[in-house]
Structures are given as C-alpha cells and as structure tokens.
Amino acid sequence: MAARLRHMREQQDTLRRAAICEPRGHDAIVGALLTPPVNPNSAAGVVFFNDVGYLGMCGHASIGTVVTLKYLNRISEGVVRLDTPVGTVSAELDAEGFVTLQNVPSYMDQEGVEVEVPGIGKVRGDIVWGGNWFFLAESLRVDVSLENLDQLMSWSKKIRQALEDSGFRGRNGGKVDHIEFYGKPSHASAHSKNFVLCPGNAYDRSPCGTGTSAKMAALHHKGKLKIGQPWIQESITGSIYEGHLLERAGEIIPVIRSKAHVTGRNILIFDPADPFRLGIGGA
C-alpha cells in the first residue's frame, strides 16, 4: 500500500487535486481511494489523501470507508480488515451502524518537547504517533470551542511551522504535520475535548481517529490511562469517539468506536474546456 501511495503521488496526483480541491471539494475533505487488498483476508486497500497530500492512516476516513463498503454491498456486518499505507487495520460493523476500529500500534516518541513559536513564546507538548505524527499540547489560554476557532487555527499553524523550522521530526524523520490542542470537555460523559489542525489549513470536524489514538497512547505512557480503560474524546464540533487501548505483543493498539453516514453519490465530470477541471488551490 505504501508503494501504491507513492505511485499515486508521483503518477496520478491530478486525481487527488481534482477530486478534493475546489470546485468539487474543499480543504476539510479526506479522500479514500479503494484498491484491491494486499492481504487475502482484507476487504480492500485504501489510500487516504487530502487537499495538500497523502495520509498514512485516517481514523474517521476508515470508519467512513467501512460504512461506504456496506452501502455498496461489498461487506456485511462483522469484522472487516483494511490495508493502509502504514499497516492493516481491523474494524467491526455492528447492527446499529457503529464501527469499532482497531488502529495501527501507537506510541509516545518525544515527551515534553519545547519549541519557541514567534508571536506566542515557548510551547510545550508531546510528539506522538497515532497513524500520523502529532504534536499534542494543552490549549493556550482559551477554551477549545468553535467560538475560539480563529485563534486556535492561528496558533496551531504557527506551532506547526515552528516545529518544522526548528527541525523537530518524528521517528525515522516523519513530519509532524498534525497539531492537537486539548482542553475541558462540554459533554458530561467526555474526558477531553480536542482541536486538530490537519496537514493543510483545515481543522478536523471529528475527534480525529489518529489524534485520539495518539492522545490515548500518550496518556498510557504517562501512566494516566490503563489498558482497557474507557476514554471518551469530544471534538470541537461536539462529536464523540469512544476509545480504549489494547496491548498486543508488547505494542499499544488504540480502539475507537463511532458512526459515519453516507450523504450522497457523485459523478465527477472533467470538461476539457474547463480551466479548473483539475482543481483550484491545494498543493
């Protein structure tokens, strides 16, 4: 799947831009290209992409992919496996439409990183792998809420740039391209509320599957979340993921549970006379 991602990036990137960028899409959309599976017991291979590039893994897009495969009558209720560029993930679709997703192994990479951010000052956080690379930090002086969206967007973009400029990377040189703030929840049942800046200039409307995975892995590393202990993650929009951790062969496996809904079907038309047929903006 990693080779298929590289092929799409190098040979078919116009498909990504045309499908995700304006006028057909926008910067908050994540695409999922279905391919034949790599492993014989998997239902499909998936390459995830957005307005600026490609994702190794995407939790909310995986949940959406499972629900879409059911809608297309390609799977039934029960366990389904998806091959992604960073490994195979397992999910279970139940009769109520909930998808329980077992993510790839997640871990703390660098705890207590301090980065000097222009216009903000010193910011402290953790660099964590949850299927993508995250910088996790407590929200800076404002609540995690839509009312503070502009401030959260501005700060997170500055932090991401400062991490890049300062040479901070994840294991094996991975780019830390997701910034996650966390704060007090609004829902009574939730343990935390987050804001996640995606690799482009959009924020995650969901609690972020890989971000929730990274958060749980970080808490476990710090002794604040036990294996099997429930964790309820709220997003900035108020949506909820139920989560917990498994331990398998010495690795930490995050599990998240939520729903997705099919909202439409579309046929993309590429008119040769259309100057914007291959997308506007993006990268």
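Treat the numbers as computed from the prediction; the structure is a model and nothing was measured. Per-chain numbering applies: the sequence of each chain, read as written, is numbered from 1 onward. Only residues with pLDDT of at least 70 get local features here, since the model is predicted, and only at 80 or more are side-chain atom pairs given and counted; chain-wide, interface and lining totals rely on the full set of residues. The side-chain quantities take in all heavy atoms of the structure and omit both hydrogens and water.

**Overview of a nonpolar patch on the surface**
Quick note on the threshold: In this analysis, a patch consists of residues with relative accessible area above 30% that form no salt bridge, clustered at 9 Å for like charges and at 5 Å for the nonpolar side chains Val, Leu, Ile, Met, Phe, Trp and Tyr. A 1.4 Å probe and the Shrake-Rupley method give the accessible areas. Residues count as covered only by the protein chains that appear here. For this document, the term salt bridge refers to a Lys or Arg side-chain nitrogen within 4 Å of an Asp or Glu carboxyl oxygen. Starting at the N terminus, helices and strands are each numbered in turn, a helix being any DSSP run of H or I of at least four residues and a strand any DSSP run of E of at least two. Note on exposure labels: buried denotes an accessible area under 20% of the residue type's maximum, exposed denotes more than 50%, and partly exposed covers the range between, all computed with a 1.4 Å probe on protein chains only.
There is a patch of nonpolar side chains on the surface, built from Leu 34, Tyr 71, Leu 72 and Val 262 and spanning about 310 Å² of accessible area. Take Leu 34: it is sitting in strand S1 (residues 31–35). With a relative accessible area of 32%, Leu 34 lands in the partly exposed category.

**A look at empty space enclosed by the protein**
The gaps of empty space that remain are located by a probe, the size of a water molecule, rolled over the atoms. Note the cut-off: A pocket, in this scheme, is an open set of points on a 1 Å grid over the protein atoms alone with protein on both sides within 12 Å along at least 5 of 7 lines, while a cavity is a set where a 1.4 Å probe fits but cannot get out; residues line either one if an atom lies within 4 Å of a point. Grid points are joined across faces, edges and corners, and a volume is the space filled by probe spheres set on the points. Residues are grouped as follows: nonpolar covers Ala, Val, Leu, Ile, Met, Phe, Trp, Tyr, Cys and Pro; charged covers Asp, Glu, Lys and Arg; every other residue, Gly included, is treated as polar.
Inspection of every chain in the model, using the stated rule, returns one cavity of 30 Å³ or more. Here the largest cavity is characterised by a volume of approximately 110 Å³. Taken together, 17 residues make up the lining of the largest cavity; nearest its centre are Val 30, Leu 55, Cys 58, His 178 and Cys 198. Across the lining of the largest cavity, the residue classes tally to 10 nonpolar, five polar and two charged.

**A closer look at helix H5 (residues 209–221)**
Let me state the cut-off plainly: In this scheme, a helix's expected span is set at 1.5 Å multiplied by one less than its residue total.
With 13 residues, H5 should reach 18 Å at 1.5 Å per residue; the first-to-last C-alpha distance of 18 Å fits that figure. H5 sits mainly inside the fold: 11 of its 13 residues count as buried. Along H5, the residues that are buried comprise Gly 209, Thr 210, Gly 211, Thr 212, Ser 213, Ala 214, Lys 215, Met 216, Ala 217, Ala 218 and Leu 219. Of the residues flanking the end of H5, it is Gly 223, one or two places downstream, whose phi is positive at about 75 degrees.

**Examining the layout of surface pockets**
Taken as a whole, the largest pocket encloses approximately 1500 Å³ of empty space. Lining of the largest pocket is provided by 39 residues; of these, Ile 29, Val 30, Gly 31, Thr 68 and Thr 263 occupy positions nearest its centre. Mapped by element, the contributors of at least two residues to the lining of the largest pocket are helix H2 (13–20), S1, helix H3 (59–71) and strand S14 (251–259). Its residues assigned to classes, the lining of the largest pocket comprises 22 nonpolar, 12 polar and five charged. The volume enclosed by the second largest pocket comes to roughly 530 Å³. Lining of the second largest pocket is provided by 23 residues; of these, Gly 56, Val 86, Trp 129, Asn 132 and Trp 133 occupy positions nearest its centre. Contributions of two or more residues to the lining of the second largest pocket are made by helix H1 (2–11) and strand S3 (54–55). When its residues are assigned to classes, the lining of the second largest pocket shows 11 nonpolar, six polar and six charged.

**Comments concerning the confidence of the model for the chain**
Basically, it comes down to this: As a per-residue quantity, pLDDT reports the predictor's confidence and falls between 0 and 100.
Chain-level pLDDT for the chain is 95 on average; 100% of the residues reach the 70-or-more range. Across the chain, the element-wise mean pLDDT spans from 92 in S3 up to 98 in strand S12 (residues 231–235).

**Considerations on the pattern of salt bridges**
Under the counting rule described, the total for this entry stands at nine salt bridges. Of the charged contacts in the structure, one is a salt bridge between Arg 124 and Glu 114, with a shortest N-O distance of 3.2 Å. Taken as a pair, Arg 124 in strand S8 (residues 121–129) and Glu 114 in strand S7 (residues 107–117) lie far apart in primary sequence, 10 residues in all. For the salt bridge of Glu 234 with Lys 193, the shortest nitrogen-to-oxygen distance reads 4.0 Å. Highlighted residues: Glu 234 in strand S12 and Lys 193 in strand S11 (residues 192–197), separated in sequence by 41 residues. For the pair Glu 234 and Lys 193, a shared accessibility class is recorded, and that class is buried. Sharing partners across several salt bridges, the network here consists of Asp 94, Glu 242 and Arg 257.

**Concerning the state of the cysteines**
Structurally, a disulfide amounts to a covalent bond that connects the sulfur atoms of two cysteines. Our working rule: Our working definition of a disulfide is a cysteine sulfur pair at a distance within 2.5 Å.
Counted under the stated rule, the structure contains zero disulfides. This cysteine, Cys 58, is not joined by any disulfide, and Cys 208 carries the nearest cysteine sulfur, 6.8 Å off. With no disulfide partner, Cys 208 has as its closest neighbouring cysteine sulfur the one in Cys 198, 6.3 Å distant. Among the residues examined, Cys 208 registers a relative accessible area of 4% and is labelled buried.

**Focus: the nonpolar core**
Among soluble globular proteins, nonpolar side chains are generally buried collectively. Condition: We call a set of buried residues a nonpolar core when its members are Ala, Val, Leu, Ile, Met, Phe, Trp, Tyr or Cys and they connect through side-chain atoms within 4.5 Å of each other. The criterion used for residue contact is that any of the two residues' heavy atoms lie within 4.5 Å.
Counting 54 residues, the largest nonpolar core has Val 66, Val 123, Phe 135, Ile 159, Phe 181 and Phe 195 as its most contacted members. For this core, the leading source of residues is helix H4 (residues 149–165), giving seven residues. If we skip the residues at most four places from it in the chain, Phe 181 touches Ala 137, Glu 138, Ser 139, Leu 140, Val 144, Leu 152, Trp 155, Ser 156, Ile 159, Lys 193, Asn 194 and Phe 195. Counting residues in each nonpolar core, the second largest holds nine residues, with Leu 136, Val 196, Ala 217 and Ala 218 among its members.

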